[in-house]
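Examining the three-dimensional arrangement
Here are the chains, one letter per residue:
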Amino acid sequence: MSTPLKVAVLGCGSVGSQVVRLLQEQAGDLAARVGAPLELVGVAVRRLDAAREVDVPEGLLTTDAQGLVARDDVDLVIEVIGGIEPARSLILSALENGASVVTANKALLAEDGPTLYEAAEKAGRDLYFEAAVAGAIPIIRPLRESLAGDTVTRVLGIVNGTTNFILDKMDSSGAGFAEALEEAQELGYAEADPTADVEGFDAAAKAAILASLAFHSRVTASDVHREGISEVTAADVQSARDMGSVVKLLAICELKDDAVAVRVHPAMIPRSHPLASVREAYNAVFVESQAAGQLMFYGPGAGGAPTASAVLGDLVTVARNVLADKRGAGESAYADRAVLPMGETTTRYHVAIDVDDKAGVLATVAQAFAEHGVSIQTVRQEGRDDDAQLVVVSHSATDAALAATVEHLRGMDIVREVTSVMRVEGGEE
Ligand SMILES: NC(=O)C1=CN([C@@H]2O[C@H](COP(=O)(O)OP(=O)(O)OC[C@H]3O[C@@H](n4cnc5c(N)ncnc54)[C@H](O)[C@@H]3O)[C@@H](O)[C@H]2O)C=CC1
Ligand SMILES: N[C@@H](CC=O)C(=O)O
Ligand code: NA
């Protein structure tokens, strides 16, 4: 067996503590799988005296993360601090100093992935990040390696566990958003400040990473159209139920006429769709490619130990590469595809409208859709005293045409209120 490879861990929170625990508990197996022992030589933390979920061996804790990555004997660096800085500078220093890097940092990869890839390329080292999207679920490696010979056309994912838990609760119990969020916080799924999850920032970062890999182009978080779930009402969820559908926060990456369309928003999907059965805080990613057809990846997308599993999987791979003096896959952005503006993206809409219940209303509403070139797939009407509710589901049209139709409806005298507007995915176009 070779001499030990030296490992530094940056951050010892939910994920970092589980990485350190698994490195210690599985040291023998990891050594056998890599072909050399993995020796933990330092764990960078913000405070030495903080309570931790793992016992870190005496002398390994340090508050000097920069000093740790600058050591010239460190072969492998695991970054699980999160956020943009100091994570970016630490990763760049690690690569410059000749270490390969494993990170779970989707926010940084989505904001500035190319800078990291270029630094890895220049240093001749690896940059691996399986944990950054959908936690333990293998999805980065399938896109980067297993499907590298195919043409991926669509990636549809539930990539945020917190929002899936909230929407699932709203669906199963009829709870409103605020009540379901409170339960998610009590159970420890949602953080005290749940903005990144509920407003879709976390899912948008993951969508940018998925789109970059799937379509061999650079896609950043700012390219992703993003809508969260805080506006989803119990009435929207009930309306979905009435149609045999369920509301999910979806990350959607599509190849459209050689451009990339990438977006995150709540959408109604039929209960028969494979993603509809993804419950609680689980994640799933549905991939369509030309030769392979449809593939589904499912499992825990968050949590310290599941995420640490993905980190250690990467660590074994990059450690083997160090021993073999080779590199794994680097950035693949040769296709250099444009990103389609959201208005040009095609989707379907579900629109629930309270209208006056009188002759000609249905025809007038249908006319508004027709004026914007939006074809109606189904209309359902429910009468109530002197008003009625129309539930219209459109065929596929540009998002701009659908948004203009809704604006038009809101300005019509016969329309009392547009009570629900939501995109529809995963059914017949
Ligand atoms: N928790 C999860 O379920 C998942 C997390 N991730 C990603 O993993 C990374 C880590 O996430 P968590 O462990 O959940 O976060 P966390 O907040 O529990 O842990 C981060 C740790 O880094 C420490 N830290 C902050 N600045 C530091 C510095 N300058 N030097 C040393 N330590 C510093 C903090 O004190 C904290 O203990 C993030 O990029 C996150 O997006 C990815 C997938 C799932
Ligand atoms: N906050 C995320 C966890 C990590 O990616 C989630 O809820 O899915
Ligand atoms: Na993953």
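Rules and cut-offs
Residues numbered from 1 in each chain as written. Chains lettered and ligands numbered in written order. Predicted model: local features only at pLDDT ≥ 70, side-chain atom pairs only at ≥ 80, totals over all residues. Heavy atoms only, no water. UniProt positions renumbered as here; feature names shortened; annotations may be inferred. Salt bridge = Lys/Arg side-chain N within 4 Å of Asp/Glu carboxyl O. Helix = DSSP H or I, 4+ residues; strand = E, 2+ residues; numbered from the N terminus. Buried < 20%, exposed > 50% of the residue type's maximum accessible area, 1.4 Å probe, protein only. Pairing = 2+ DSSP bridges. Contact = heavy atoms within 4.5 Å. Axes fitted to C-alpha atoms, helices over the stretch in contact; angles between N-to-C directions. Donors = N, O, S within 2.8 Å, 3.2 Å for Na, K, Ca; no water. Near = heavy atom within 4 Å. Polar contact = N/O pair within 3.5 Å; in protein donor to acceptor, adjacent residues only side chain to side chain. Areas by Shrake-Rupley, 256 points an atom, 1.4 Å probe, with all protein chains shown as cover. Nonpolar A, V, L, I, M, F, W, Y, C, P; charged D, E, K, R; others polar.

In the annotation of an unreviewed UniProt entry, the protein chain is listed under the name Homoserine dehydrogenase and assigned to Nocardioides anomalus. Turning to the protein chain, the UniProt annotation filed under Cofactor (unreviewed entry) states: "a metal cation". Its UniProt record, at the heading Function (unreviewed entry), says of the protein chain: "Catalyzes the conversion of L-aspartate-beta-semialdehyde (L-Asa) to L-homoserine (L-Hse), the third step in the biosynthesis of threonine and methionine from aspartate."

1. Focus on the pattern of salt bridges
This structure, assessed with the given rule, holds 28 salt bridges. The shortest N-O distance in the salt bridge between Arg279 and Asp168 comes to 2.6 Å. Placement of the pair is Arg279 in the loop between strand E10 (259–270) and strand E11 (282–289) and Asp168 in helix H7 (residues 161–173), with a sequence separation of 111 residues. Among the residues examined, Arg279 registers a relative accessible area of 42% and is labelled partly exposed. The buried category is assigned to Asp168, whose relative accessible area is 7%. For Arg271, the salt bridge goes to Asp171, with nearest N and O atoms at 2.7 Å. One end of the pair, Arg271, is in the loop between E10 and E11; the other, Asp171, is in helix H7, with 100 residues separating them in the sequence. Among the residues examined, Arg271 registers a relative accessible area of 36% and is labelled partly exposed.

2. Details of the sheet that holds strand E5 (residues 100–103)
Each strand in a sheet pairs with its neighbour through backbone hydrogen bonds, running either in the same direction (parallel) or in the opposite one (antiparallel). Strand order in the open sheet formed by six strands is E3-E2-E1-E4-E5-E6, with parallel pairing between adjacent strands. The open sheet has two edge strands with one neighbour each: strand E3 (61–62) and strand E6 (127–128). Across six bridges, strand E1 (residues 5–10) lies against strand E2 (residues 38–44) in parallel orientation. Looking at the pairing, Lys6 lines up with Glu39 of E2. Against the sheet, helix H4 (residues 87–96) engages E1, strand E4 (76–79), E5 and E6, with an angle of about 150 degrees to E5.

3. Focus on the coordination of the sodium ion (ligand 3)
Donor atoms from the polypeptide that coordinate the sodium ion (ligand 3) comprise Glu130 (O), Glu130 (OE), Val133 (O), Gly135 (O) and Ile137 (O), at 2.4 to 2.6 Å from the metal. Along the chain, the residues that donate to the sodium ion (ligand 3) are spaced as E-x2-V-x1-G-x1-I. By relative accessible area, Ile137 is classed as buried at 2%.

4. Brief notes about the site of ligand 1
As a matter of local geometry, ligand 1 sits amid 19 residues, with Ser14, Val15, Gly82, Lys106 and Gly303 nearest to it. One nitrogen or oxygen atom from the main chain of Val15 is found 2.9 Å from an oxygen atom belonging to ligand 1. Considering ligand 1 on its own, with 830 Å² of exposed area, one finds that the protein chains cover 73% of that surface. Tallied by class, the residues present in the shell around ligand 1 amount to 10 nonpolar, seven polar and two charged.

5. Some points on the environment of Gly200
Within the element layout of this structure, Gly200 appears in the loop between helix H9 (195–198) and helix H10 (201–215). Accessibility expressed as a relative area gives 0% for Gly200, which makes it buried.

6. Some thoughts on the packing of helix H5 (residues 106–123) against H10
In contact at an axis separation of 7 Å, H5 and H10 are set at 35 degrees when each is read in the N-to-C sense. In this structure, H5 contributes Lys106, Ala107, Leu109, Ala110 and Tyr117 to the contact, and H10 contributes Asp202, Ala205, Lys206, Ala208, Ile209 and Leu213.

7. As for the site of ligand 2
What surrounds ligand 2 is the set Lys106, Asn160, Gly161, Thr162, Asp197, Asp202, Lys206 and Ala302. Interatomic distance of 2.6 Å between a side-chain N/O atom of Lys106 and an oxygen atom of ligand 2. Between Gly161 and ligand 2, the recorded distance is 2.7 Å, taken from a backbone N or O atom to an oxygen atom. Relative to its free-state accessible area of 260 Å², ligand 2 is covered by the protein chains to the extent of 82%. Within the residue set of the shell around ligand 2, elements represented by two or more residues are H7 and H10. The residue inventory of the shell around ligand 2, partitioned by class, reads one nonpolar, three polar and four charged.

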